[in-house]
Each structure stands twice: as structure tokens, then as C-alpha cells.
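Residues per chain are reported as follows:
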Amino acid sequence: MAASSKSSVVLKAVKQVMVQMCPFESNVRSTREFLFMVGSEKARATNMNCEVSTVVKHDKSEPVVDVTFTDGERLVMKGAKLTGQEMLQAFQSRCLAKDTQAKAKK
Amino acid sequence: MAATLCGTLLAKSGWLPLTQCGRVRHMSKSVTRHKRPMHIIKQKLMAVTEYIPPKRLAAGAYPSQNKKVEVESGLVLLLKKEVKKVFQDCKMIAVVQNNASNSEDMLTLRHRLHKHSLTVKFFPNQVMRSFLKDSEFCNMAPLFIGSTVLIISTQGKVKEMLSTLRGSPQMVLLGACVDGTLLSAQGVQHYSKLPSVSVVQGELVSGLTLLSSRTASLLQHHPARLSALLQQYVSQQGAPAAEPRPQESEGVAAQS
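Everything quoted here is computed from the prediction, not taken from an experiment.

Rules and cut-offs
- Residues numbered from 1 in each chain as written.
- Chains lettered and ligands numbered in written order.
- Predicted model: local features only at pLDDT ≥ 70, side-chain atom pairs only at ≥ 80, totals over all residues.
- Heavy atoms only, no water.
- Contact = heavy atoms within 4.5 Å.
- Buried area = accessible area lost by both parts, 1.4 Å probe.
- Salt bridge = Lys/Arg side-chain N within 4 Å of Asp/Glu carboxyl O.
- Polar contact = N/O pair within 3.5 Å; in protein donor to acceptor, adjacent residues only side chain to side chain.
- Nonpolar A, V, L, I, M, F, W, Y, C, P; charged D, E, K, R; others polar.
- pLDDT = per-residue confidence, 0-100.
- Helix = DSSP H or I, 4+ residues; strand = E, 2+ residues; numbered from the N terminus.
- Expected span 1.5 Å × (residues − 1).
- Buried < 20%, exposed > 50% of the residue type's maximum accessible area, 1.4 Å probe, protein only.
- Arc of directions from axis to C-beta.
- Pairing = 2+ DSSP bridges.

## Things to note about the interface of chain B and chain A
Alright, step 1. Listed as interface residues are 24 residues of chain B and, on the opposing side, 17 residues of chain A.
Alright, step 2. Interface area, chain B with chain A, both sides summed: about 1,600 Å², of which 60% is carbon and sulfur.
Alright, step 3. Of all residues in chain B, the largest losses of buried area upon contact with chain A belong to B:Asn99, B:Ala100 and B:Ile145, amounting jointly to 30% of the total for that side.
Alright, step 4. Counting across the chain B and chain A interface gives zero salt bridges.
Alright, step 5. The interface formed by chain B and chain A holds three residue pairs in polar contact (both at pLDDT 80 or more) in total.
Alright, step 6. Per-class residue counts for the side of chain B that touches chain A are 10 nonpolar, 12 polar and two charged.

If you want it as C-alpha cells, here you go:
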């Protein structure tokens, strides 16, 4: 499983990460990889208040990742046609942008 | 002189050497020991028309003629045997994804599961997939992506497993194979809420005997009602007979 070791996941600006998937489908690989990266010890250590919850379904629905940030913004990623790397990059870029915004405000 | 002689001879025979076909270039040699320098135009042409082979082959463009038979190593075979044994012996096999839990969490979880005689097993995904595709559990194969852990039990203790997993949030239950039946995560939860076998058997027996018991009660209804009424009549008759006795005894006491 390709793990991006270049940049770690920073969850400081994230309030909640909700992952919804059907493990018996074949389009779940990227979502599972994303979940693995976001749910790792390192990532969780950056923000202990962030909840990473997983809902396992069995209704042939598409895998969806719903991220709620501290300022109320939501990022919804439908992982059926995305790779794990793309999802992680999009997530990280938004997290970094929020982080820099928060630092600039301070 | 030879040329003129030739010229006259040939002219007489009717064949004139044409200047075009008999053109001989008196320049450098064509066959040399070193590489002959190319004319610049020819060089340019060769550079432009150079062959660039394709970098990547399209899938299926050139299928391999000899199909490579992969020989599995001894370790893989050994692990496969172990997996087969697990599937034969255990009543419940649950597949759980662990999102990088550290060793302490793992130890705590293993300890808690061991109390309920549940075991945690780790197998490489490759071994699992190669075993599953040959066996009857091939539909479980898509579960084995990423870091997965097997929780096995010889007695189907699903409730205890669910309650233990609720304690560790990073372990996600993906599915389970209970009694040879493949269940999803929701199926496992429904299974845990089922009553025990004896209770279900009792319910089944009571449901089956319901009709016959109703018939029996209907038949016995009339004689039962008659006997109840008669008993009540007897008890009512007995009560007025009991009342005059205390009056008689009072009369006897007054007389005496």
C-alpha cells in the first residue's frame, strides 16, 4: 500500500472526519488508504479533539469522505474514482491553507 | 585511342553508349575503411527520421507467449495451511481494519479478547487472497486490502467481540464469517442481538403447538365450565347449611 511519507497529515484545523464505505465493493481501496493515513497515531496526535469515525455499510453505495473543519467548511470527497494520493493531497492542501490562515490571524 | 576505337566500333554495331547510363563520377570512393562522412542534408534526414521506440506497452498488446507459473515459496504454503486450519476449526472469523494502532493498544485489545477466548491473528494479504480464491470463501477476498487483522473464535462469541471493539475506536469491523455464512458489519450486529438457541427452539415449539393446544382447550372448554359452575353451586349450597348450625348451638346453649 503506497504511503506518502513525504508530508505528515496535520489535523489541527479539522473538527471531524467521517468516512463512509462498503468494504465488499471493489472501489474502496483509495478510501481505505486515506482512512489509514488519517487515522494513524501521528495524525491523531496532532489534534486529540478531532474525531475520525467510520461507517461501514453494505448497500453498494459509493465511498464518501466528509471532513468538517473548525471554521465550518466542509470537504466532501467521493473516493470511487480517486486515488488515495489525490485525496490525501487535496485534504493536506486545504489543511495547510487553514493552518496558515489561522497563524496569519494570530 | 582505345576510346575512339571503341566509339567507332560500337557506333558501327548500332549501340551508342549514352552519357547518362555510362556516367561515372570521379569522386571519393563509396566503400571506405573508415565511416564515410554523410552529406549534411542526409544527416538532417537521418536525424529527423530516427526510430523512437514506444516507451510503454499498451496492456494486452503483446501478451506473453509462455504463461509464467508462479511457484509459491515454502513460507507461503505453510501460512496457507494455517489459514485453512483456521477456517476449518473456527466458528467465527471476523475481519477488522486497524488504522495504525500502537503496540500498547494492541496488547490491551488482545488481553481483553483473550478473556473471552478470542484470538487475534495476522496473515499477509497475499496469502489470504491466494487461499480465498481457491476456496468457497472467495467473496471475502475484497475485504483484505491494507492492514487487516483476523479475530477468530471457536465458539461464536460475537457480542463480546463487539463490546471489546467498541472500546478501541481505530479498529473498524469490516465483515465476518460466522458458521460458514458471510456477514457484513450490520449483519454481525443483528447476529449478536439474536436470542440463544434454546430460547429460539422454545419459541418455535410453542408456535407449532399453538394450533393443537387451541383445539384441545376448545374441546375442554364446555366440561370445564360445567364443572366450575357445579363447584360454585355446591359451595353456595354448603354455606346456608353451615349457617343454621351456630343458631341451633345458641338455642341449645339458651335451653341449657
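## Structural notes on the confidence of the model for chain A
Residue and element names in this part refer to chain A.
Alright, step 1. Looking at chain A as a whole, the pLDDT averages 84, with 93% of positions reaching at least 70.
Alright, step 2. When the elements of chain A are averaged for pLDDT, helix 2 (residues 41–46) gives the smallest value, 82, and strand 3 (residues 64–69) the largest, 90.
Alright, step 3. In the predicted structure, residues 1–6 sits below a pLDDT of 50 and forms nine contacts with residues beyond four places in sequence or in another chain.

## Remarks on helix 4 (residues 103–115) of chain B
In an α-helix, one turn spans 3.6 residues; hence positions three or four apart end up facing the same way.
Residue and element names in this part refer to chain B.
Alright, step 1. Here helix 4 is 13 residues long and its end C-alpha atoms lie 19 Å apart, about the 18 Å a rise of 1.5 Å per residue gives.
Alright, step 2. Within the span of helix 4, buried status applies to Met106, Leu109 and Leu113. An end-on view of helix 4 places all buried positions within 65° of arc, on one side of the element. Pointing more than 90 degrees away from the buried face of helix 4 are the exposed residues Ser103, Glu104, Leu107, His111, His114 and Lys115.

## Description of the pairing of strand 3 of chain A
Residue and element names in this part refer to chain A.
Alright, step 1. Of all six residues making up strand 3, six are buried, and the element is well covered by its neighbours.
Alright, step 2. Residue alternation in strand 3 divides its side chains into two sets, Val64, Asp66 and Thr68 and Val65, Val67 and Phe69, and both sets are buried.
Alright, step 3. Here six bridges tie strand 1 (residues 14–21) to strand 3, and the two strands are oriented antiparallel to one another. Within the sheet, the bridge partner assigned to Met18 lies in strand 3 and is Asp66.
Alright, step 4. As defined by bridge partners, strand 3 adjoins strand 4 (residues 74–78) across five bridges and the pair is classed as antiparallel. When the sheet's bridge partners are listed, Val64 is paired in strand 4 with Lys78.
Alright, step 5. Hairpin connection, strand 3 to strand 4: the antiparallel pair is bridged by four residues, and Gly72 has positive phi, about 95°.

## A few points about the confidence of the model for chain B
Residue and element names in this part refer to chain B.
Alright, step 1. Averaged over all residues, the pLDDT of chain B is 82; the fraction at 70 or higher stands at 83%.
Alright, step 2. Across chain B, helix 2 (residues 40–48) holds the top mean pLDDT of 96, while helix 9 (residues 244–255) sits lowest at 50.
Alright, step 3. Confidence metrics for the complex model read pTM 0.64 and ipTM 0.80.

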